[in-house]
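Report on the structure
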2 protein chains.
Amino acid sequence: MRFRTKLIAGLLAMLAPVPALADALVDNVNGITLDKDGKVVRFNGVLLSLDGKVTKLLSSKDKRPEKLDWRADMKGRTLIPGFVDAHGHMMELGFRQLELDLSDARSLDEAKARIAAYAAANPERKWILGGGWNQEAWGLGRFPTAADLAGVAGDRPIFLSRVDGHAAWANEAAMKVAGVTAKSVSPAGGRIEKTGAQPSGVFVDAAQSLITKVIPQPLGKERNTAFVKAQGLLLSHGITATADMGTSLDDWMTYRRMGDRGDLRVRIMSYGAGIEDTVRIGGTGPTPWLYNDRLRLVGVKLYGDGALGSRGAWLKAPYADAPDQSGLGFMSDDVIRNLMVRASMDGYQVAVHAIGDRANAQVLDAIDELADTFKGDRRWRIEHAQIVDPADLPRFGKHGVIASMHPVHQTSDWRMAEVRLGPNRLAGAYAWNSMLKNGSRLAFGSDYPVESPDPFAGWAAAFTRMGADGQPFGGWQPQERITREQAWRAFTADAAYAGFAEDKFGRLGAGQRADFIIVDRDPLEVGPSELRATKVQETWVGGEKVWERK
Amino acid sequence: MRFRTKLIAGLLAMLAPVPALADALVDNVNGITLDKDGKVVRFNGVLLSLDGKVTKLLSSKDKRPEKLDWRADMKGRTLIPGFVDAHGHMMELGFRQLELDLSDARSLDEAKARIAAYAAANPERKWILGGGWNQEAWGLGRFPTAADLAGVAGDRPIFLSRVDGHAAWANEAAMKVAGVTAKSVSPAGGRIEKTGAQPSGVFVDAAQSLITKVIPQPLGKERNTAFVKAQGLLLSHGITATADMGTSLDDWMTYRRMGDRGDLRVRIMSYGAGIEDTVRIGGTGPTPWLYNDRLRLVGVKLYGDGALGSRGAWLKAPYADAPDQSGLGFMSDDVIRNLMVRASMDGYQVAVHAIGDRANAQVLDAIDELADTFKGDRRWRIEHAQIVDPADLPRFGKHGVIASMHPVHQTSDWRMAEVRLGPNRLAGAYAWNSMLKNGSRLAFGSDYPVESPDPFAGWAAAFTRMGADGQPFGGWQPQERITREQAWRAFTADAAYAGFAEDKFGRLGAGQRADFIIVDRDPLEVGPSELRATKVQETWVGGEKVWERK
C-alpha cells in the first residue's frame, strides 16, 4: 500500500499503450570515445534517454529514430567524453580565484608589487590571502621572508601559500596574531623556517597550521561563490567529473547546498580530509550517489608526506641539495595502519598522498599487510606516487593499487627534481609507463589548483614528457612515456574507475551518463602542440549543456 | 536546450490525450480536521494526488471518482491529521531508548539497582549513560551524589542526566576521567554541586560539559539506530512532524543519511544547536525543504536559562525554597542580542529557551529592540515561556511572538513549581489562556524525551489542567485552561505555523501533505480520561502508511 510506488506503477501502465518514449539525439558529430577495453571507437551520433544517459552510439549509416524529443546538429564538430580529473581540490581552486594569485609573478619584487596592489584593491579584506608563489621561478635561491613583506600591506596580516600548498609565507602581522615567536616549536610533520633564532616567515607543511588556525573561516556565501567559480572553471576546461582530494566537512556542506538547490553540475567523487571529517560526513560508510550521480563520498584522503619543492617529500636517502634533510613522514607505520584499518572497516576507499620514495614504500608496506584482511574490491590509491624506488615499482601491481598521478607535475618539476634527487635517483620518478607495465591502473589528474585543471596540457605531457616549451627535447626520461590512448584512458575511464564510478561515467557507451564535450579539433589527429591548444566549445553533463564558450 | 526539462514537457504533452491521472482515495472514515481558521470540519473521505498531497475532502454525499489508482476502506474508523510536536529532541529521544532509563525509578535504591543491572547486561559499554532520574520523585530531599554510586558499576564511569536535562549525576570514575577535582571551577552558566569542598557528583547546566566533553562520541551506526528508534516512537504516537530543538551538526548528518537512503518518514523542522552549528549546517541561511518536505533547517535554538527543577530557571526574585538563588542566565543582554542579530541577518528563525520570568523578560526585551530592524514574518519563538511575570504576559502578543509550550510540563511540575515559586508568583505560570487572550500564537509540544511524546496526554492536560491522576481536581490555576479545539490547533496547525510549515502540513485540506492517523475513538467526543487512552492504529505520511499497530 505504498502510495507513491503504486501511482508510478499506474503511470507506467498508462504509458504502455502510447508509443515508446522518444529519445533525444546529438547528431552529425565526429565522435570519439574509448570502449571498456581502451580501444578507440568512432561514431556519428549519440542517442540519449530520458534520464540523461547514453542509449546508443550511432554510425552515419544507422537509421535515426523518427520520433525524437529533440535533436541537436553538431555540424561535424568533434565530440569526446568529458574529462575526469582523478585528483583536485575543488574549494581551493575556487578560493584561489577569489584570492591573490602569484603563480605568474616572475620575481620577488613583482610579487611584492602584486601584493600591494591587491591589498589596495581589496580594502575590506582583513587578511591578505593567496598563493601560487614559487621561489624557484624567481631565481631567489632562498625562501622569501616576513622581512620581505614589511610595509607591503600596511598592518594587515598576510599569508600566502607556496604553489604546491606545502609551505606558506607570512608577514610579521600574521605571526603576531598567531602568537608565533622565537620560542614557538615546530609541530610534528612541520617546520618553522628560521633566520637565526627567529621565525623567518615561512612555514612548511604541518607548521602552516600555526597561522591557519587564526585565519577567520570563510562565510557560507564566500564558500558558495568559490564553489561556483571552481565549477565554472572545470566545465570550461571540459572536466565533467572530478575527485575532490580532501573534502572538509564544510566543503561537503557547500556541495550539498549546491545539490539541494540544483546548482551542482560537475560530478564529484569526494575523499574526506582525514578520518575525522570522513566519518562525520559519511557516518556509517560511503554515501550513496546523490543528485543523479553528481556527488558521493567515496573514501578518505590521508597524507603520508609533503612535497618535493619544499623538501617535505619523505625520501629513503637525504636530499641531494640538502644532505641534512630527508623530508617529513607525517605518520608512523602504526598510525597509517590504524587509520587505514579504521577507514576500511567502514568501507571507505583509502587514498594516501605519497611523494617521496620512503613515503611510497611506507604505504605499500601498509597495503601489503592489510590486503589480506580487507579483501574484495578495495582499489587502494596512492596519490602522486611521484618518486618511487625502482625496487618498489613492481609492488604497485600487487593488490590492484591505483597510481593516481599528474603528468603536468613532471613537466613543471623535472629541473627541480634533478636538483633535489641528483642524477642517480630518477629511474622511478613520474614513472607512468613502469606503472602500466607492472599492472597498476593509472588515474590521471591535474592536482588543481597546484596546476591548471586543463586536461589537454596533461594529456600532451603524458605521451611526450615535454613541456609546453618543448623542453627537454625528446622528452625527460622518455622511456616513461605512454601512448596517447593510454593517457586518454587515464584521464577519463580509469580516473572514474579509481573513484568506483566506471559504471557511471568516463566513456560514451550505453548506460553511461551523457557527459561529453565539443572541441575544436580531433585530439587523436593533431600533434602535441596543437593538442595543448585545443579549445572546448561546449560542455554537457547528463545530457544538459552546462557550459558554452562565448 | 535543457534536456530534462524538455523531456518532461514532452512527457506531459504525451499525457494530455490520455484521461486525467487517477487519484487515490481513503474512504469511509470518520474524518475530523481543523480548517485554516481553527474551525472543526468533518468529512467522510480523502482524495489524494500523485505526490502525496490532499486533493479534496469528501462528504458522504460527494461522488467518488470512477478511475482511482487505489482505494482504502477505513470502515468508519476515525481519521485525524497527524500531530505536530512543536518542541522535541529527536536524537536524545532515540539515545534514551538505547541507554539506561531511570524515569520510573521510585527511590535512590531502586535507581542503584537499575544501574547495576544495566551495567551487567551491557558489558561492552565503556560508559554507563542514561537519564530520567528525579530526586523529587524519590523524596530524597537532596541531589544524589557520586558516593551513592560507589561500587554500583565496578570501575566504569557513570553519567546520568536528570529528567529535565539540566543537571547530571556522575560517579567518581567519570570525574576522574574528566579531571574534575575540588579545584575545578564552575563554568559560566553552570554549577558544580559540592559536598564540603569536594564536587558532590552533580553538575548543573553548563557544568555538565566538564564531563560530557570526555564521553566518547557515538558512532554513526549508533546514531542511525537511535534515529530509527526515535522515529518509530514518534510515528507510533501519531506524530508525523516535529520540531527538533537543538540539532547538532552530527544530528543533521544523521537526518540526511536517513533522507539520502529513503528512510526519513517523520517531517523535521530543525533548529540548529546554537549559532555555530546552525551556520555550518545552513551555510547561507535556512535550507530548502528536502526529501519531499521531510527535512528543513528553519532556525537556531538558543538557551536563555536552565530549568525550574534544578533551580536553573532565571527568576526576577529568589527561589522561595532557596532564598540565596535566583537561577542562571546563560547570556548577557548583549550576547543574546548579538546572537539574534547574527541569526536574523541570514534569515534564520530564532527560538530561545526561557523558563524563568527573568529569562522571559530578557528575550522579550531583545525582541522589542530588534523587531524594528528585522521586519517581516520573523515568528520569534520563546520555548517553554513557563514562568512569566504577569506584567510581561501582554508583551507576548507584540511582534507576533510564538509561545512554544508543553502542557504536560504543567501537570508534571505544578507541585514543584509551587515549592520553587511560593504561592504569590503563579499567576503567569504555564499561562496558556493568557497567551491566547494576549494575541500570541500557541505552539504545543511535549519536550520529549523530557516527557513522553504522547500528544493525547498533552491535549487532555491542556483543557483540564489536571494530570492523568485527576489532580488537582478542577484543574491547577484553571483560569489558564484553553478549549479542546484550541489545544488541538496548537498541537497541529499552529505547531506547523511555528516552524513556517503551515502550507505543508498540520491540517487536512487541499494542497496539504496527506499526513494523517487512524485512531480508535473520536477525540472530540470523549472525556479527558478516554482521550488520554486513545490508541493510534495507523500513521500515514505523504499518503504512505508508515506505521501500523500490530
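Nothing here was measured: the structure is a model prediction, and the numbers come from that model.

Quick look at the overall build of chain A
- Of the regular secondary structure elements, chain A holds 16 helices and 23 strands.
- The globule rule puts the C-alpha radius of gyration for 550 residues at 24 Å, and the 24 Å found for chain A is close to it.
- Overall size of chain A, expressed as C-alpha extent along the three principal axes, is 85 × 50 × 50 Å.
- Of all 550 residues assigned to chain A, the portion counted as buried reaches 54%.
- Long-range contacts, defined as pairs at least 24 residues apart, comprise 73% of the intrachain contacts of chain A with a sequence gap of at least 6.

Describing helix 3 (residues 108-121) of chain B
- Taking 1.5 Å per residue, 14 residues should reach 20 Å; helix 3 of chain B reaches 20 Å between its end C-alpha atoms and fits that length.
- Taken together, the buried residues of helix 3 of chain B touch strand 7 (100-101), strand 8 (128-133), strand 9 (152-155) and strand 10 (158-162) of chain B.

Re the sheet that holds strand 8 of chain B
Residue and element names in this part refer to chain B.
- Taken together, 6 strands build an open sheet; the order of strands is 7-8-10-11-13-12 and the sheet is mixed. Sheet topology places strand 7 and strand 12 (190-195) at the edges, where each strand pairs with a single neighbour.
- Taken together, the 3 bridges between strand 10 and strand 11 (residues 167-170) define a ladder with antiparallel strand orientation. Looking across to strand 11, one finds that Phe-159 is bridged to Ala-170.

Brief notes about the packing of helix 11 (residues 407-421) of chain B against helix 13 (residues 455-464) of chain B
All names here are of chain B.
- Where helix 11 contacts helix 13, the axes come no closer than 7 Å and their chain directions differ by 70°. Judged on the interaxial angle alone, helix 13 and helix 11 are roughly perpendicular. Between helix 11 and helix 13, the contacting residues are Pro-407, Val-408, Gln-410 and Thr-411 on the first element and Ala-457, Gly-458, Ala-461 and Ala-462 on the second.
- A breakdown of the residues in the contact of helix 11 with helix 13 according to their chemical character gives 5 nonpolar, 3 polar and no charged.

Details of unusual backbone geometry
- The omega torsion of the bond from Tyr-448 of chain A to Pro-449 of chain A falls at 0°, within 30 degrees of zero and hence cis.
- Secondary-structure assignment places Pro-449 of chain A in the loop between strand 20 (441-444) and helix 13 (455-464).
- A cis amide bond links Gln-471 of chain A with the next residue in sequence, Pro-472 of chain A, at an omega value of -15°.
- Relative to the helices and strands, Pro-472 of chain A resides in the loop between helix 13 and helix 14 (484-490).
- In this structure, His-384 of chain B is a non-glycine residue whose phi angle is positive, near 85°.
- Summarising the element assignment, His-384 of chain B is placed in strand 18 (residues 381-384).
- Accessibility expressed as a C-beta count within 10 Å gives 27 for His-384 of chain B, which makes it buried.

Quick look at the UniProt feature "domain: Amidohydrolase" (unreviewed entry) in chain A
- Residues given the UniProt feature "domain: Amidohydrolase" (unreviewed entry) here are residues 73-546 of chain A.
- Within the segment residues 73-546 of chain A, helix and strand shares are 31% and 22% respectively, and the terminal C-alpha atoms sit 17 Å apart.

Here's the deal with the pairing of strand 10 of chain B
Residues and elements named next belong to chain B.
- Extensive coverage of strand 10 is indicated by the burial of 5 of its 5 residues.
- Pairing of strand 8 with strand 10 involves 5 bridges; the strand directions are parallel. If you follow Leu-129 over to strand 10, its bridge partner there is Phe-159.
- Counting the residues between successive antiparallel strands, the hairpin from strand 10 to strand 11 contains 4 residues, one of them, Gly-165, with a positive phi of roughly 75°.

Description of the pairing of strand 17 (residues 349-354) of chain A
All names here are of chain A.
- Of all 6 residues in strand 17, 6 are buried; the element is thus mostly enclosed.
- Of the two faces of strand 17, both are covered, the one formed by Gln-349, Ala-351 and His-353 as well as the one formed by Val-350, Val-352 and Ala-354.
- When strand 16 (residues 295-303) meets strand 17, the two strands line up parallel, connected through 5 bridges. Residue pairing across strands places Leu-302 opposite Val-352, the latter belonging to strand 17.
- Once you follow strand 16 into helix 9 (residues 333-345) and on to strand 17, the crossover reads as right-handed.
- Direction of pairing for strand 17 relative to strand 18 (residues 381-384): parallel, over a ladder of 4 bridges.

Comments concerning the confidence of the model for chain A
Residue and element names in this part refer to chain A.
- Residues with a pLDDT of 70 or more make up 96% of chain A, whose mean pLDDT is 94.
- Predicted confidence for residues 1-20 stays below pLDDT 50, and this span has 20 contacts to residues more than four positions away or in other chains.
- Complex prediction metrics read pTM 0.88 and ipTM 0.86.

Re the sheet that holds strand 11 (residues 167-170) of chain A
Residue and element names in this part refer to chain A.
- In spatial order, the strands read 7-8-10-11-13-12; together these 6 strands make up an open sheet with mixed pairing. Two strands close off the open sheet at either side, each with one partner strand: strand 7 (100-101) and strand 12 (190-195).
- Strand contacts of helix 3 (residues 108-121): strand 7, strand 8 (128-133) and strand 10 (158-162), with the helix running at about 150° to strand 8, the strand carrying the most contacts.

Overview of the domain arrangement of chain A
- When the domains of chain A are assigned, the result is domain 1 (16-81 + 507-549), domain 2 (90-213) and domain 3 (304-482).
- Of note, the centres of domain 1 of chain A and domain 2 of chain A, computed from C-alpha atoms alone, are 45 Å apart.

Re helix 13 of chain A
- The element helix 13 of chain A is extensively covered by neighbouring structure, given that 10 of its 10 residues are classed as buried.
- Just beyond helix 13 of chain A, the residue with positive phi is Arg-465 of chain A, at close to 55°.

Observations concerning the packing of helix 6 (residues 220-236) of chain B against helix 7 (residues 249-260) of chain B
Residue and element names in this part refer to chain B.
- Taken N-terminus to C-terminus, the directions of helix 6 and helix 7 make an angle of 70°; their axes are 10 Å apart at the nearest point. Classed by the angle they form, the pair helix 6 and helix 7 counts as roughly perpendicular. Only Asp-250, Thr-254, Arg-257 and Met-258 of helix 7 make contact with helix 6, whose side of the interface consists of Arg-223, Asn-224 and Phe-227.
- Of the residues that constitute the contact of helix 6 with helix 7, the class distribution is 2 nonpolar, 2 polar and 3 charged.

Focus: the environment of Leu-79 of chain B
Residue and element names in this part refer to chain B.
- Mapped onto the secondary structure, Leu-79 falls in strand 5 (residues 78-81).
- Leu-79 gets classed as buried once you count the C-beta atoms within 10 Å, which come to 24.
- Along the sequence, Leu-79 and Gly-31 sit 48 residues apart, while their C-alpha atoms lie 4.7 Å from each other.
- For Leu-79, the residues in contact, after removing those within four places along its chain, are Val-29, Asn-30, Gly-31, Met-74, Phe-516 and Ile-518.

A look at the environment of Asn-44 of chain B
Residues and elements named next belong to chain B.
- Summarising the element assignment, Asn-44 is placed in strand 2 (residues 40-48).
- Note: C-alpha distance between Asn-44 and Leu-57 (13 residues apart in sequence) is 7.4 Å.
- Look past the residues within four positions of Asn-44 in its chain and what remains in contact with it is Asn-28, Val-29, Gly-31, Leu-58, Ser-59 and Ser-60.

Focus: the environment of Leu-328 of chain A
All names here are of chain A.
- Residue placement: Leu-328 occurs in the loop between strand 16 and helix 9.
- In the structure, Leu-328 is positioned 87 residues away from Ala-241 in sequence and 32 Å away in space, judged by C-alpha atoms.
- In contact with Leu-328, not counting residues within four places along its chain, are Gly-189, Asp-205, Asp-305, Gly-306, Gly-312 and Trp-314.

Rules used in this analysis
Residues numbered from 1 in each chain as written. Chains lettered and ligands numbered in written order. Predicted model: local features only at pLDDT ≥ 70, side-chain atom pairs only at ≥ 80, totals over all residues. Helix = DSSP H or I, 4+ residues; strand = E, 2+ residues; numbered from the N terminus. Rg over C-alpha atoms; globule rule 2.2 N^0.38 Å. Buried ≥ 20, exposed ≤ 12 C-beta atoms within 10 Å, placed from the backbone. Contact = placed C-beta atoms within 7 Å. Expected span 1.5 Å × (residues − 1). Pairing = 2+ DSSP bridges. Axes fitted to C-alpha atoms, helices over the stretch in contact; angles between N-to-C directions. Parallel < 35°, antiparallel > 145°, perpendicular 65-115°, else oblique. Nonpolar A, V, L, I, M, F, W, Y, C, P; charged D, E, K, R; others polar. UniProt positions renumbered as here; feature names shortened; annotations may be inferred. Right-handed = clockwise from strand over helix to strand, strands pointing away. pLDDT = per-residue confidence, 0-100. Domains from an automatic or database assignment.

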